[in-house]
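Descriptive structure summary
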Amino acid sequence: MARGAFTIGTESVAPGERRMVDLPLTALITQTPMSVPVCVIHSRREGPVLFVSAAVHGDELTGVAICRRLLGSNALAISRGTLLVVPIVNAFGFISHSRYLPDRRDLNRSFPGSVKGSLAAQLAHLFMTEVVARSNYGIDLHSAAIHRSNLPQIRVDSHDEGAFSLAEAFGAPIIVHSGLREGSLRETALRKGVPVIVYEAGEGLRVDELSIRVGMEGVLNVMAHLGMTRRRRAQPRPPVLSTSSRWVRAEESGLFRPFRDIGDHVAAGERIAVVADPYGDHETDIKASCAGIIIGRANIPAVNQGDALFHIAKVDNASQLGAHYEALERQAGAEPMLDEDEII
């Protein structure tokens, strides 16, 4: 029996077809129409529907770069199921280099949304109705906020077996247990029966080769795990699971000088940075609040008291994670995948 077309919005995508479908949303103040473009790849054989989304926060460009490379890759040969790729969910924030929408709302706290709500609620409702509700699984691509960097990692509720199996298949260096937050895409999708994992890597408003490489390989690994491709899934080093993490915050305002970076293993009480006043009178030591791996770090030197400086994940096998991350860094530096005409 022949497989039917895949319907999304007002479009029908035939088996074996790849098409870009625009989901109309609203218009800018200038009356320029806005939409959410979705690349639909509908194979000829039955299988799962996987969505890959990016730029839910408009200033997080790492996922956009991953989607771009994924869609242009020869490795993207789908033999079963349907892939929905949404490189830019929050086009409003993407255009203005902002995390938020023009109504100052965080889209990732606005799900499931509503047809007649705020702009964020309308966008959330459109994405849930047309993308999530038509999917069986999801991968949401993120980066750290502006002026911070994240070690490539997967955030998932480790108690959710369906999502956790995707997290393990992805192959990032570390899986960080993260509870579900009300209004988030991950929480709302799970209530609809769609397991979603979140990939975090890199820095807001920046892209880097390592984060792109790990993210793209991770998506392909998940597709192989779901039986969507004939590609033999790479055998990545087993990811390290962290069930808890802590933020180290500035005890005083001043100039931040870090001694440690993401991927570094630190001991509890270790001196990992100083915050000094601008006039040279004194400086305050910043010490690790626990032993673990640095999975996030502030990049801006000027900090206020209470600002988050380091994110430390507690892990059982820090040396294994450190070796994994160092290997990825060497590979990304030795075998760049960006050509001159691919610079984003």
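Description of the structure in this document. (Residues numbered from 1 in each chain as written. Predicted model: local features only at pLDDT ≥ 70, side-chain atom pairs only at ≥ 80, totals over all residues. Heavy atoms only, no water.)

A word on the sheet that holds strand 18 (residues 302–303)
The condition that has to hold: Each pair of strands is called paired provided DSSP finds at least two bridges between the two strands. Segments assigned H or I by DSSP are reported as helices when at least four residues long, segments assigned E as strands when at least two residues long, and all are numbered from the N terminus.
Pairing in this open sheet of four strands is antiparallel, and the strands run 16-15-13-18 from one edge to the other. This sheet does not close on itself; its edge strands, each paired only once, are strand 16 (283–287) and strand 18. Two strands pair when backbone bridges link them, and strand 13 (residues 254–258) and strand 18 are joined in this way by two bridges, in the antiparallel orientation. Residue pairing across strands places Gly254 opposite Val303, the latter belonging to strand 18.

As for empty space enclosed by the protein
By rolling a water-sized probe across the atoms, one finds the places where empty space is left. We count it as follows: Both site types are read off a 1 Å grid over the protein atoms alone. A 1.4 Å probe that fits but cannot get out defines a cavity, while an open set with protein on both sides within 12 Å along at least five of seven lines defines a pocket; lining residues have an atom within 4 Å of a point. Grid points are joined across faces, edges and corners, and a volume is the space filled by probe spheres set on the points. Residues are grouped as follows: Ala, Val, Leu, Ile, Met, Phe, Trp, Tyr, Cys and Pro are nonpolar; Asp, Glu, Lys and Arg are charged; every other residue, Gly included, is polar.
This structure, assessed with the given rule, holds one cavity of 30 Å³ or more. As a volume, the largest cavity reaches approximately 50 Å³. Around the largest cavity, the lining residues are Asp157, Asp160, Ala163, Leu180, Arg186, Leu190, Pro195 and Val196. Its residues placed into classes, the lining of the largest cavity shows five nonpolar, no polar and three charged.

Notes on the pairing of strand 10 (residues 196–203)
Looking along a regular strand, one sees the side chains alternate between the two faces of the sheet. How we decide: For each residue, the accessible area found with a 1.4 Å probe, counting protein chains only, is set against the maximum for its type, and the residue is called buried under 20%, exposed over 50%, and partly exposed in between.
Counting buried residues along strand 10, eight of its eight residues qualify, which places the element largely inside the surrounding structure. Inspection of the sheet shows strand 8 (residues 148–156) paired to strand 10 by five bridges, in the antiparallel sense. For Asn150, the partnering residue across the bridge sits in strand 10 and is Gly202.

Regarding the packing of aromatic side chains
To keep it simple, the criterion reads: Paired rings are identified among Phe, Tyr and Trp, the last through its six-membered ring, by centres lying within 6.5 Å, and are further divided according to the angle between planes into stacked (under 30 degrees), edge-to-face (over 60) and tilted (the rest).
Under the defined criterion, the tally for this structure stands at four aromatic pairs. Arranged with centres 6.4 Å apart and planes meeting at 65°, the rings of Phe111 and Phe127 form a pair that is edge-to-face. On the criterion of sequence distance, the pair formed by Phe111 in the loop between helix 2 (91–96) and helix 3 (119–130) and Phe127 in helix 3 is long-range, its members being 16 residues apart. By relative accessible area, Phe127 is classed as buried at 2%. Here Phe256 and Phe310 contribute two aromatic rings whose centre-to-centre distance is 5.7 Å and whose plane-to-plane angle is 75°, an arrangement assigned as edge-to-face. Pair noted here: Phe256 is in strand 13 and Phe310 is in strand 19 (residues 308–314), with a separation of 54 residues, a long-range link.

A look at unusual backbone geometry
Note the cis peptide between Phe111 and Pro112, where omega equals 10°. Its place among the elements puts Pro112 in the loop between helix 2 and helix 3. A positive phi angle is found at Gln31, which is not glycine, with a value near 75°. The topology assignment puts Gln31 in the loop between strand 3 (17–27) and strand 4 (33–42). Using a relative accessible area of 61% as the deciding quantity, one classes Gln31 as exposed.

A few points about helix 6 (residues 209–225)
The cut-off we apply is this: One less than the number of residues in a helix, times 1.5 Å, gives the span that helix is expected to have. As used in this structure description, the phrase polar contact means that two N or O atoms lie within 3.5 Å; if the pair is within protein, one of them must be able to donate a hydrogen and the other to accept it, and residues adjacent in sequence are counted only when both atoms belong to side chains.
Taking 1.5 Å as the rise per residue, helix 6 with 17 residues should run 24 Å; its terminal C-alpha atoms sit 24 Å apart, in good agreement. In terms of residue burial, helix 6 counts as a mostly covered element, since 15 of its 17 residues are buried. In this structure Asp208 caps helix 6, since a side-chain oxygen of it lies 3.3 Å from the backbone nitrogen of Leu210. One or two positions beyond helix 6, positive phi appears at Gly227, with a value near 75°.

Quick notes on the layout of surface pockets
Of the volumes computed, that of the largest pocket is approximately 730 Å³. Considering the residues around the largest pocket, the lining is formed by 31 residues, among which Arg99, Arg109, Arg155, Arg181 and Glu200 are closest to the centre. At the level of elements, strand 7 (137–142), strand 8, strand 9 (174–177), helix 5 (185–191), strand 10 and strand 12 (244–249) are the ones that each hand at least two residues to the lining of the largest pocket. Split by residue class, the lining of the largest pocket holds eight nonpolar, 13 polar and 10 charged.

What to know about the packing of helix 4 (residues 161–170) against helix 6
For clarity, the threshold we go by: Helix axes are fitted to C-alpha atoms over the stretch in contact, other axes to C-alpha atoms as well, and angles between N-to-C directions run from 0 to 180 degrees. Oblique is the label for any angle not under 35 degrees, not over 145, and not in the 65 to 115 range, which are roughly parallel, roughly antiparallel and roughly perpendicular in turn. In this scheme the handedness of a crossing depends on how the near helix is turned from the far one: anticlockwise by less than a right angle means left-handed, clockwise means right-handed. For this analysis, residues touch if any pair of their heavy atoms sits within 4.5 Å.
At a minimum axis distance of 8 Å, the contact between helix 4 and helix 6 shows a crossing angle of 125°. As the angle between them shows, helix 4 and helix 6 are arranged oblique. The hand of the helix 4/helix 6 crossing is right-handed. Contact residues: helix 4 offers Ser165, Leu166, Ala169 and Phe170, while helix 6 offers Val214, Gly215, Glu217, Gly218, Val219, Asn221, Val222 and His225. A class-by-class count of the residues in the contact of helix 4 with helix 6 yields six nonpolar, five polar and one charged.

A word on the pattern of salt bridges
Let me state the cut-off plainly: Between Lys or Arg on one side and Asp or Glu on the other, a salt bridge is scored when a side-chain nitrogen of the former is within 4 Å of a carboxyl oxygen of the latter.
Applying the stated criterion across every chain, the model contains 16 salt bridges. Across the salt bridge formed by Glu46 and Arg3, the nearest N and O atoms sit 3.6 Å from each other. On the criterion of sequence distance, the pair formed by Glu46 in the loop between strand 4 and strand 5 (49–54) and Arg3 in the segment before strand 1 (6–8) is long-range, its members being 43 residues apart. The closest approach of N and O atoms between Arg297 and Asp261, which form a salt bridge, is 3.6 Å. In this pair, Arg297 sits in strand 17 (residues 292–298) while Asp261 sits in the loop between strand 13 and strand 14 (265–266), placing the two residues 36 residues apart along the sequence. On the basis of relative accessibility, which here comes to 15%, the residue Arg297 falls in the buried class.

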